[in-house]
Amino acid sequence: MPAHYSLTETEQAVNHRLGPLPVQREALAAISNLHRAATAVRNHLENSALRTADLTWSAFVVLWVIWIWEEIETRHAAAEAGLSKGTLTGIIKTLESRGLAQRTQHPDDGRLTLLHLTPNGLHLMHHLFPAFNDEEAFVVAPLTPDETRHLADTLRRVITHLEHHGEQRRDDLHRTTPLPPRRSGRRRTE
């Protein structure tokens, strides 16, 4: 389902709200459009290619991570998929109940769990991914091949920058201000 307000309407409302605030508008526009594009792409893919397999975006990403790495520790799968370990656990339970993924104990360290796809999971990914990729191509259809490569390279630079410098930046920002504990959106009870 598309957003209630168009991109143009949203940009106008943001400009009105910010007025004379001293902000870096180019950075704001880039990150806002990145978020809005990611949401639009995710919604499109969930309601097209992934809908036929009855998969959510997060479940597909977990299947993708396991498929690519063939066997992966749960902690690494969570990090690669950008999920918390708790969220990954719920997704894996669902994928196991559908016969698509399986957990096994690490052979060298019984405290660790490995994930791999079942034969049904492998079969699904071999058939689903080409349809998923067709929708990826649909999403970038307005771009030329050079523009598509440039977009991928530009986003890769943003990701690499955060991988190399993001943790230090966050540490620097939080050095002087103690952070409250994470509460998953719940109100503090006293």
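Residues numbered from 1 in each chain as written. Predicted model: local features only at pLDDT ≥ 70, side-chain atom pairs only at ≥ 80, totals over all residues. Heavy atoms only, no water.

## Quick look at the overall build of the protein chain
Secondary structure summary: the protein chain contains 8 helices and 3 strands in total. Sequence-ordered secondary structure for the protein chain, helices as α and strands as β, is α-α-α-α-β-α-α-β-β-α-α. The C-alpha atoms of the protein chain give a radius of gyration of 20 Å, which is well past the 16 Å a tight globule of 190 residues would have. Considering only C-alpha atoms, the protein chain reaches an extent of 60 × 50 × 35 Å along its principal axes. (Helix = DSSP H or I, 4+ residues; strand = E, 2+ residues; numbered from the N terminus. Rg over C-alpha atoms; globule rule 2.2 N^0.38 Å.)

## Here we look at the pairing of strand 3 (residues 113-117)
Here strand 3 lies mainly inside the structure; 4 of its 5 residues are buried. Bridge count between strand 2 (residues 101-105) and strand 3: 5 bridges; the pairing is antiparallel. In the strand pairing of strand 3, Ala101 is matched with Leu117. (Buried < 20%, exposed > 50% of the residue type's maximum accessible area, 1.4 Å probe, protein only. Pairing = 2+ DSSP bridges.)

## Considering the sheet that holds strand 1 (residues 72-73)
Taken together, 3 strands build an open sheet; the order of strands is 1-3-2 and the sheet is antiparallel. Of all the strands in the sheet, just strand 1 and strand 2 have a single pairing partner and so form its edges. Against the sheet, helix 4 (residues 57-69) engages strand 1, strand 2 and strand 3, with an angle of about 90° to strand 3. (Contact = heavy atoms within 4.5 Å. Axes fitted to C-alpha atoms, helices over the stretch in contact; angles between N-to-C directions.)

## Regarding helix 1 (residues 7-18)
Compared with an ideal rise of 1.5 Å per residue, which puts 12 residues at 16 Å, helix 1 spans 16 Å between its outermost C-alpha atoms and is within 8% of the ideal. One or two residues past the end of helix 1 sits Gly19, with phi positive at roughly 45°. (Expected span 1.5 Å × (residues − 1).)

## Focus: a nonpolar patch on the surface
Taken together, the side chains of Ile31, Leu34, Leu143, Leu151, Leu155 and Ile159 make up a nonpolar region of the molecular surface, amounting to roughly 480 Å² of accessible area. Elements represented by at least two residues in the nonpolar patch include exactly helix 2 (25-46) and helix 8 (145-174). Along the chain, the position of Leu155 falls in helix 8. (Patch = residues over 30% accessible without salt bridge, like charges linked within 9 Å, V, L, I, M, F, W, Y side chains within 5 Å. Areas by Shrake-Rupley, 256 points an atom, 1.4 Å probe, with all protein chains shown as cover. Salt bridge = Lys/Arg side-chain N within 4 Å of Asp/Glu carboxyl O.)

## Structural notes on unusual backbone geometry
Even without being glycine, Asp54 reaches a positive phi, approximately 55°. Considering the arrangement of structural elements, one finds Asp54 in the loop between helix 3 (49-52) and helix 4. The backbone phi angle of Glu70 is positive, close to 65°, even though this residue is not glycine. Its place among the elements puts Glu70 in the loop between helix 4 and strand 1.

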